Amino acid sequence: RRLPRNIKCRVEIALAPCSSPNTYFTNYPTMVSFRKSKSKKKAAAEVAKEEAPEKASAAEPKSDEKVDDGPTKEEKPKPSPAPAPSKPPTLDDIPDLLKTMTEEKGEKSAAATKRIYELCDVGHKQNRVPMVCSGKWDVLTPLAKCLTQESGDGRHLACLALNNLSIPTENKRVMALGPASKEVIGGLCKVIAEDKQESYLCCICLMNLSFLEASITTILQHSPVDDGASPVPPLDNPNSLIRVLEKLLTNSPSAPKSGSGKSEGVRWACGLIKNLAKSEENAALFGKTEIPRCVVENIRNTTAPPSRWTSNSLEDFSLFVILNLAQWPVSKEALINAGAVDVIKPIMSEGDLQGLKATMACAFLDARWADFPEGGAPASKSVSELMTNIVEKKGKDGQYAYGVFKLYTATKAYRDLAVSAMESGSSSTKALATPSSVALCLQVVSDLVLAAVDDAEGGSKYVPDAMSAEYAVGAIEAMLPAILDEADPPRVSIQSEKAAGEVAQMLLTYSDIAGTSAAAKASAKKSADEIKAAGGSARPILEISHDLWTQYRKREGQPLDQFISQEKGIEVDESGPLDFLPCVNSSGETSCIIL
C-alpha cells in the first residue's frame, strides 16, 4: 500500500490594513513553514512572519510564526479501515529514523521521512534548532538525499521538513554555510532544474535560507560539477543555480494560471532572486542573464493594479528585484535596456509601498525629474521618511518593517533624486532641500565621523555605513543651490555664519577619514568651500537645518563643540603688533633690543 499523501499547506500571512479598502500588506519579510492537515490537496506555502534583524551588524531576520487553524476542506470518508494510532515520534527516535531513511527504500523510507517531518512541524517548533544545531545528528544530508528520490512521497516530505528547518536563524547558517550545505543547496537546485512538482517548495526553502545575508553569495555561486572535475563559473554552467532560475523564468508562459505549479515556481523563484540581488557581486551575475528582462515583463504583463498587489505576490517580488538590481551600476543597464523605467513609472503615483519602491527604482535608473509626480514632492517626502525610519530603527505601519530596506539604499535614492532635480534646474532642488531632510543628511555624515574619530565622545544608536555617508554628502552637494538660498531681503546673520562654519568643518573632517572614496572627498571639500563662503549672509534653510542637527546631537549626548573650528587668532591690545613678542608685556614696556 502506498503511503497516502495527507499533507496540505496553507498560506498564513500576518495582515495589516492599509488605507485602501480590502487591501492588505504584511509588515515583515516572510519565511515559510508547513503544517499537516486532512486535505489531499497539493501543498502550498504557509508563510511565517519574519521579524527584523536584531542588530544592524548581523542583518539576520528572525521568525515569529503565527499559526491560525482556519477551516479546511474535509476529505470524504473512505471505505478502508482507519490505521491504528501510532506513537508520536520523539528526538530520541532520530537515529533509527535516519537509518531507515538511508538504508531502506520506497514506503519504509518515506514513512521515516514523514516522522522526521512531524518532529519539526508547526506543533513542534521547539525541535527545529536542536535537530540541526545540537551536533547529535546529521538530519540534513539524509533529507538532501531524499530530494533525489524518484518516489514523490519521500521527496515531497523531505521538502517540507527542510522548509521548516530553514526558518530559525541559527539553522540558516548551518544549512547554507555548514558541512551539509553543498548537499542541501545542490538537492534543492536539482529538483528545480528537473521541474518536479515540488520545485516551488525548493524555491521557498532557498528563499528562507537567503534571509541570512551572509549566505546569499554562497547560494548563488552554486555551480555543481562531477567529482574530480575543475570548478566551472556559474554563468558557464547550465546546472548552476543562476542558470536554473533563469530557465525557470524564461520558460514560464507570459500569463501562467494563478495558483498553478508553474506560476508558484516562478513566484517563489522571484522571491529568492529578490534576496539574492541585495549584494553587488550577485547583481553583477544577474545583469548578465535574462532575469532582469523577465522581472520587467512580469510587471508589464500583469492585469492587477498596484493597489491590489499583495505582499509576496509575483508583482511584489518582481518590483523588489527591479529595485535591488537598479541600485547597482553593474546591473542597472540591463534593466534600462529592458525598458524598466517606462514600465514602473506609472506605479510612482500609488503613494504606498509599491509607489515607494517604484520611486527609488526610477531614481536609480536615471529617470528625468519631470517623470516624478507633482514636482517631486511626494518622492522627496517618502524617501526622506524612509531614511528617518531606518536611523530610528522603526518601520511604517501597513507598509514595511525595520530591516526591509537598508540605509545605503534610501540615501542613494535621495542622492539620485537630488542629482536629477539639479540637472533639471537649481530651483527644482527646493522640493528636496527641506530643513528636516538636510539635517538628516548632516546627521548621517556626522554620526559616521563620530564613530571613526578615536577621541570623539558620544555616539548614535545607529552607526551608518560608509556608503550611506557618501550618498548623504552627494545629496548635500546636489542640494546646495537651495540650501544656500539667501533670505529675502538679504541680511547679515551671525547664526548663518556659525552654521556655515560648523557644517563646513564637519564635512572637512569627514573628507579626512581613512577609507573615504576619492569622489566623496572631492564632494565634501567642494561643499565645505561653498558653504563656508556663503556664511556672511542669512541662509534660512542652512540655519534651520543646522538647528535641527544640533538638537539631535543634544538628545544623543554628543559633544556640541566637535566641529567648531579650533583655530585661534592673535590677541592684540593697545601695545600694538609687537605684543606677540615674548619680551613685550601688556603695558608696552620691552626689554628686547631691536636692531
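All values derive from a computational prediction rather than experimental measurement.

Rules used in this analysis
- Chains are numbered independently. Their residues run from 1 in the order of the written sequence.
- Predicted model: local features are reported for residues with pLDDT of at least 70 only, side-chain atom pairs are reported and counted for 80 or more only, and whole-chain, interface and lining totals are derived from all residues.
- Only hydrogens and water are removed before side-chain values are computed, so all heavy atoms of the structure are retained for them.
- Strands are runs of DSSP state E lasting at least two residues, helices are runs of H or I lasting at least four, and both sets are numbered from the N terminus onward.
- In this scheme, a residue with accessible area under 20% of its type's maximum is buried, one over 50% is exposed, and one in between is partly exposed, where area comes from a 1.4 Å probe on protein chains only.
- The contact definition used throughout considers only heavy atoms, calling two residues in contact when any of these lie within 4.5 Å.
- Here the Shrake-Rupley method, with its probe set to 1.4 Å, supplies the accessible areas, and only the displayed protein chains count as covering residues.
- Only protein atoms enter the 1 Å grid used here. Points where a 1.4 Å probe fits but cannot escape make up a cavity, open sets with protein on both sides within 12 Å along at least five of seven lines make up a pocket, and a residue lines them when an atom lies within 4 Å of a point.
- Grid points are joined across faces, edges and corners, and a volume is the space filled by probe spheres set on the points.
- Ring pairs are drawn from Phe, Tyr and Trp, using the six-membered ring of Trp, whenever the two centres fall within 6.5 Å, and their geometry is named by plane angle: stacked under 30 degrees, edge-to-face over 60, tilted for the rest.
- Two conditions define a charge located above a ring, namely a distance within 6 Å from the ring centre to NZ of Lys or CZ of Arg, and an angle within 35 degrees of the ring normal.
- Helix span, as expected, comes to 1.5 Å for every residue beyond the first.
- Two cysteine sulfurs form a disulfide in these notes if their separation is within 2.5 Å.
- Any Lys or Arg side-chain nitrogen located within 4 Å of an Asp or Glu carboxyl oxygen qualifies as a salt bridge.
- The axes used here are C-alpha line fits, helices contributing only the stretch in contact, and every angle between their N-to-C directions lies in the interval 0 to 180 degrees.
- Take the far helix as your reference; a near helix turned counterclockwise from it by less than a right angle gives a left-handed crossing, and one turned clockwise gives a right-handed crossing.
- Each residue is assigned to one class: nonpolar for Ala, Val, Leu, Ile, Met, Phe, Trp, Tyr, Cys and Pro, charged for Asp, Glu, Lys and Arg, and polar for all the others, Gly among them.
- For our purposes a nonpolar core is just a set of buried Ala, Val, Leu, Ile, Met, Phe, Trp, Tyr and Cys residues, chained together by side-chain atoms within 4.5 Å.
- Under this definition, polar contacts are N or O atom pairs within 3.5 Å; protein pairs additionally need one hydrogen-donor-capable and one acceptor-capable atom, and for neighbouring residues in sequence, both atoms have to be side-chain atoms.
- The pLDDT value tells you how sure the predictor is about a given residue, anywhere from 0 up to 100.
- Any angle between 65 and 115 degrees counts as roughly perpendicular, while under 35 counts as roughly parallel, over 145 as roughly antiparallel, and the rest as oblique.

Peer 1: Quick question: what am I supposed to make of the overall build of the protein chain here?
Peer 2: Secondary structure summary: the protein chain contains 24 helices and five strands in total. Taking all 595 residues of the protein chain together, 52% fall into the buried category. Across the protein chain, contacts joining residues at least 24 apart in sequence account for 70% of those joining residues at least 6 apart. As displayed, the protein chain offers around 27300 Å² of accessible surface, 52% of which is attributable to carbon and sulfur atoms.

Peer 1: I would appreciate a short explanation of unusual backbone geometry in the present structure.
Peer 2: Working note: non-glycine residues mostly have negative phi, and peptide bonds are mostly trans. For the bond from Asp488 to Pro489, the omega torsion is 5°, close enough to zero to count as cis. Along the chain, Pro489 falls in the loop between helix H21 (466-483) and helix H22 (494-511). One non-glycine residue, Asp195, adopts positive backbone phi at about 55°. Following the sequence through the fold, Asp195 ends up in the loop between helix H7 (181-193) and helix H8 (199-210). Of the residues examined, Asp195 reaches a relative accessible area of 47% and is grouped as partly exposed. With phi around 65°, Asp366 is a residue other than glycine that occupies positive phi space.

Peer 1: Explain empty space enclosed by the protein to me, please; I cannot follow it from the model alone.
Peer 2: Any empty space left between the atoms is revealed when a probe the size of a water molecule rolls over them. The tally for this structure, following the rule as stated, stands at six cavities of 30 Å³ or more. Every residue lining the second largest cavity is listed: Glu213, Lys278, Phe320, Leu323, Asn324, Gln327, Val404, Phe405, Lys406, Tyr408 and Thr409. Mapped onto the lining of the second largest cavity, the elements with two or more residues apiece are helix H14 (314-326) and helix H19 (407-424).

Peer 1: Teacher, can you tell me more about the packing of aromatic side chains here?
Peer 2: For the structure on display, the rule yields six aromatic pairs. When the centroid spacing of 5.9 Å and the interplanar angle of 25° are considered together, the rings of Trp549 and Phe563 count as stacked. Of this pair, Trp549 sits in helix H24 (residues 540-555) while Phe563 sits in the segment after H24, and the two are 14 residues apart along the sequence. Phe563 matches Trp549 in its accessibility class, with the two residues each being buried. An aromatic cluster of at least three residues, connected via ring pairs, comprises Phe320, Tyr400 and Phe405. A cation over an aromatic ring shows up here: Arg553 above the ring of Trp549, its NZ or CZ 3.8 Å from the ring centre.

Peer 1: I'm lost on helix H2 (residues 106-119) in this one. Help?
Peer 2: Because each turn of an α-helix spans 3.6 residues, side chains separated by three or four positions in sequence point in the same direction. Over its 14 residues, H2 runs 20 Å from end to end, which matches the ideal 20 Å to within 8%, given 1.5 Å per residue. Within H2, burial applies to Ser109, Ala110, Ala112, Thr113, Lys114, Ile116, Tyr117, Glu118 and Leu119. The inward-facing, buried residues of H2 contact helix H1 (94-103), helix H3 (128-133), helix H4 (140-146) and helix H5 (152-165).

Peer 1: Could you clarify how one ought to interpret the state of the cysteines in this entry?
Peer 2: Two cysteines, two sulfur atoms, one covalent bond between them: this is a disulfide. Throughout the structure, instances matching the rule amount to zero disulfides. For the unlinked cysteine Cys202, the closest cysteine sulfur is that of Cys159, found at 3.7 Å. With no disulfide of its own, Cys270 has Cys294 as its nearest cysteine by sulfur position, at a separation of 8.2 Å. A residue is classified by how much of its surface remains accessible, and Cys270, at 0% relative accessible area, is buried.

Peer 1: When you look at the pattern of salt bridges in this model, what are you seeing that I'm missing?
Peer 2: Pairing is possible between side chains of opposite charge, provided their charged atoms come close. Scanning the entire structure with this criterion turns up 22 salt bridges. The salt bridge involving Glu118 is made with Lys114; its shortest N-O contact spans 2.6 Å. Of this pair, Glu118 and Lys114 both sit in helix H2, four residues apart, roughly one helical turn. With respect to class, Glu118 is no different from Lys114; both count as buried. Asp416 is paired through a salt bridge with Lys412; the nearest N and O atoms lie 3.1 Å apart. Highlighted residues: Asp416 and Lys412, both in helix H19, separated by four residues, approximately one helical turn. Each member of the pair Asp416 and Lys412 is classed as buried. Connected through shared salt-bridge partners, Asp342, Lys345, Arg368 and Asp371 make up one network.

Peer 1: Quick question: what am I supposed to make of the packing of H7 against H8 here?
Peer 2: Two measures define how a pair of helices packs: the angle their axes make with one another and the distance between the axes. As a packed pair, H7 and H8 sit with axes 8 Å apart at the nearest point and diverge in direction by 145°. You can see that H7 and H8 cross each other, and the crossing is left-handed. Contact with H7, carried on its side by Ile185, Leu188, Val191 and Ile192, involves Ser199, Cys202, Cys203, Cys205 and Leu206 of H8 and no other residues of that element. Broken down by class, the residue content of the contact of H7 with H8 amounts to eight nonpolar, one polar and no charged.

Peer 1: I'm lost on the environment of Ala161 in this one. Help?
Peer 2: Locating Ala161 in the fold gives a position in helix H5. Judged by relative accessible area, Ala161 falls into the buried class, the value being 0%. In this structure the C-alpha to C-alpha distance between Ala161 and Tyr117, which are 44 residues apart in sequence, comes to 4.6 Å.

Peer 1: Would you mind going over the nonpolar core with me for this structure?
Peer 2: Within soluble globular proteins, side chains that are nonpolar tend to cluster in buried spots. If you look at the biggest cluster of nonpolar residues, it comprises 159 residues, and the most contacted ones within it are Leu249, Phe405, Met479 and Tyr510. Tallying contributions element by element places H21 first for this core, with eleven residues. Those residues in contact with Tyr510 that sit more than four places away from it in its chain are Val445, Leu448, Val449, Ala469, Glu470, Val473, Thr516, Ala520 and Ala524.

Peer 1: I'm lost on the side chain of Asn171 in this one. Help?
Peer 2: Along the chain, the position of Asn171 falls in helix H6 (residues 169-177). Overall, the relative accessible area of 0% leaves Asn171 in the buried class. A polar side-chain atom of Asn171 sits 3.0 Å from the main-chain carbonyl oxygen of Arg128.

Peer 1: Would you explain the confidence of the model for the protein chain in this entry?
Peer 2: Interpretation of the predicted coordinates at a detailed level should be avoided for regions scoring low in pLDDT. The predicted model of the protein chain has a mean per-residue pLDDT of 82, with 77% of residues at 70 or higher. Note on residues 36-78: pLDDT under 50 across the span, and 129 contacts to partners over four residues away in sequence or across chains. Below pLDDT 50 for its whole length, residues 578-584 participates in 14 contacts with residues either more than four positions away or in separate chains.

Peer 1: Before we go on, may I ask you to explain the packing of H21 against helix H23 (residues 518-533) in this structure?
Peer 2: It is at 9 Å that the axes of H21 and H23 come closest, and there the two elements cross at 40°. In terms of orientation, H21 lies oblique with respect to H23. Considering the relative orientation of H21 and H23, their crossing is left-handed. The segment H21 lies against H23, with Glu470, Val473, Gly474, Glu477 and Leu480 engaging Ala520, Ser523, Ala524, Lys526, Ser527, Glu530 and Ile531. Looking at the contact of H21 with H23, its residues break down into five nonpolar, three polar and four charged.

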